[in-house]
Amino acid sequence: MNNLRRLKLRHLEAFVEVSRQNSVSRAAEVLHLTQPAVTRTIRELEEICGQPLIEKDGRGIRITHYGEVFLRHAGTSLAAARNGPNALTQLNYSDGPMVRIGALPTVAASLIPQAVKAFLDTGLRNRLHIVTGENHVLLDQLRNGELDLVMGRLPAPENMQGLMFEPHYRERVVFAVDKNHPLAGKPQISVNELDAYPVLIPSAASIIRPFVDRLFIEHGIPEPEQAIETVSDSFGRAFTQEYNAIWIISRGVIAREIESGQFVELPIDTRATVGSVGLNMRAGETLDTAAQCFAEILMGLSEQEEVRAPAH
């Protein structure tokens with residue numbers, strides 16, 4: 001116990017850096033100390049611990065078994081010690097509580113990055129927390145107080161209990177392929193042609209899946225033989241580009257790719273899938289200043305959003 005009272009932050013810093021660099025001399029350079037000073041500090045630490053932590057290995061050094069065990073705790077302790085002052089600094093700059101935003105993929109790649117940048121430009125220092133996921137999961141988190149706002153499509157009436165929805169703009173689902181896909185640029189597409197390729201469709205729990213199911217019925221399209229259910233935009237982009245897939249997705253998720261020409265919309269009339277996109281909030285609850293600011297930024301950006309592609 002008496003030895004432990006001698007343990008100082010400099011002992012942990014020296015040992016962790018020596019372990020990271022696997023060299024006393026390089027650790028000394030990083031710590032802006034002399035090599036003898038670092039060696040002396042390590043020797044003091046070994047005396048405190050009562051075990052050898054570092055030993056010679058040829059011309060170099062290596063961490064002993066005791067050192068490996070101690071390193072796990074030393075690294076954790078050092079990180080905690082450094083994070084303490086950082087947390088206090090954040091308090092000095094913070095004007096209030098964290099703003100917690102849920103976003104469906106349709107806005108996570110378009111509106112939300114713009115809104116975050118605009119929020120940072122206001123000078124408010126509230127920390128932002130952004131999460132994405134399926135609509136029902138985000139709405140449950142909103143009801144439970146885990147989120148302050150959820151930006152996405154208008155939920156079904158049965159999912160609106162305790163919530164209110166403020167519409168901002170309208171958006172539709174599209175059938176998209178890579179620019180090099182065999183169907184890209186064709187003026188007409190038959191059902192048989194669609195069935196020749198893997199099709200990415202929204203998962204059963206996603207908010208746009210009912211729109212897609214109705215669209216299949218209206219166009220007489222049977223369920224694709226090579227259907228893959230996903231709400232992952234990163235997987236969707238990669239698979240569509242590499243494997244001649246057809247991606248059925250909200251246009252906002254891939255608006256940049258469509259505008260750049262990387263993805264091409266297939267000539268399938270999807271006007272029936274147009275739906276409102278907006279903010280979900282807890283009914284009867286007043287947002288704090290920062291959350292209200294973020295909501296107003298989203299509202300302003302949403303006014304610029306349109307269903308830009310012509311309906312087929």
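Keep in mind the model is a prediction, meaning the values are calculated, not measured.

A short note on the UniProt feature "domain: HTH lysR-type" (unreviewed entry) in the protein chain
Stage number 1. As recorded in UniProt, the sites labelled "domain: HTH lysR-type" (unreviewed entry) are residues 7–64.
Stage number 2. For the annotated span residues 7–64, helix accounts for 62% and strand for 14% of the residues, and the straight-line distance between the end C-alpha atoms is 19 Å.

Notes on the packing of helix α1 (residues 9–21) against helix α3 (residues 35–49)
Stage number 1. Look at α1 against α3: their axes get within 9 Å of each other, and the N-to-C directions meet at 110 degrees. Of the possible angle classes, the one that applies to α1 and α3 is roughly perpendicular. Across the interface between the two elements, Arg10, His11, Ala14, Phe15 and Val18 of α1 pack against Val38, Thr41, Ile42, Glu44, Leu45 and Ile48 of α3.

What to know about unusual backbone geometry
Stage number 1. Backbone geometry at asparagine 22 places phi at a positive 55 degrees, although glycine is not the residue there.
Stage number 2. Tracing the sequence through the fold places asparagine 22 in the loop between α1 and α2 (24–31).
Stage number 3. Classification of asparagine 22 by relative accessible area gives partly exposed; the value is 42%.
Stage number 4. Even without being a glycine, asparagine 244 presents a positive backbone phi close to 55 degrees.
Stage number 5. Owing to a relative accessible area of 32%, asparagine 244 belongs among the partly exposed residues under this scheme.

Description of the nonpolar core
Stage number 1. Counting residues in hydrophobic clusters, the biggest one holds 29 residues, and the most contacted among them are Phe175, Leu194, Phe216, Ile246, Ile248 and Leu266.
Stage number 2. Elements with a minimum of two residues in this core: α7 (135–143), β6 (163–171), β7 (173–178), β8 (199–201), α9 (209–219) and β10 (246–250).
Stage number 3. Two domains share this core, each providing at least three of its residues, namely domain 2 (95–169 + 275–300) and domain 3 (171–274).
Stage number 4. By size, the runner-up hydrophobic cluster in this structure holds 24 residues, among which are Ala103, Phe119, Ala290 and Ile297.

Quick notes on the sheet that holds β10
Stage number 1. The 5 strands lie next to each other as β9-β8-β10-β7-β11, forming an open sheet whose pairing is mixed. Bordering the open sheet on either side are β9 (227–229) and β11 (263–265), each of which pairs with just one other strand. The average angle at which neighbouring strand axes cross in this sheet is 35 degrees, direction not considered.
Stage number 2. By the bridge criterion, 2 bridges tie β8 to β10 in an arrangement that is parallel. Each residue of the ladder has a partner; that of valine 199, found in β10, is isoleucine 246.

Definitions and limits used
- By convention here, each chain's residues receive numbers from 1 onward along its written sequence.
- Side-chain atom pairs in this predicted model are given and counted only at pLDDT of 80 or more, local residue features only at pLDDT of at least 70, and totals for whole chains, interfaces and linings cover all residues.
- As a rule here, side-chain values cover all heavy atoms of the structure and leave hydrogens and water aside.
- UniProt positions are given in the numbering used here, feature names are shortened, and annotations may be inferred rather than shown by experiment.
- Helix and strand labels come from DSSP, where a helix needs a run of H or I of at least four residues and a strand needs a run of E of at least two; each type is numbered from the N terminus.
- For helices, the fitted line uses only the C-alpha atoms of the stretch in contact; every axis is such a line through C-alpha atoms, and the angle between N-to-C directions lies from 0 to 180 degrees.
- For classification purposes, angles smaller than 35 degrees are called roughly parallel, those larger than 145 roughly antiparallel, those between 65 and 115 roughly perpendicular, and all remaining angles oblique.
- Contact definition: two residues touch when any of their heavy atoms are within 4.5 Å.
- The cut-offs for exposure are 20% and 50% of the maximum accessible area for each residue type, with area from a 1.4 Å probe on protein chains only; residues under the lower value are buried, those over the upper are exposed, and the others partly exposed.
- Take the buried residues of types Ala, Val, Leu, Ile, Met, Phe, Trp, Tyr and Cys, join any two whose side-chain atoms come within 4.5 Å, and each joined set is a nonpolar core.
- Where each domain starts and ends follows an automatic or database-derived domain assignment.
- Each pair of strands is called paired provided DSSP finds at least two bridges between the two strands.

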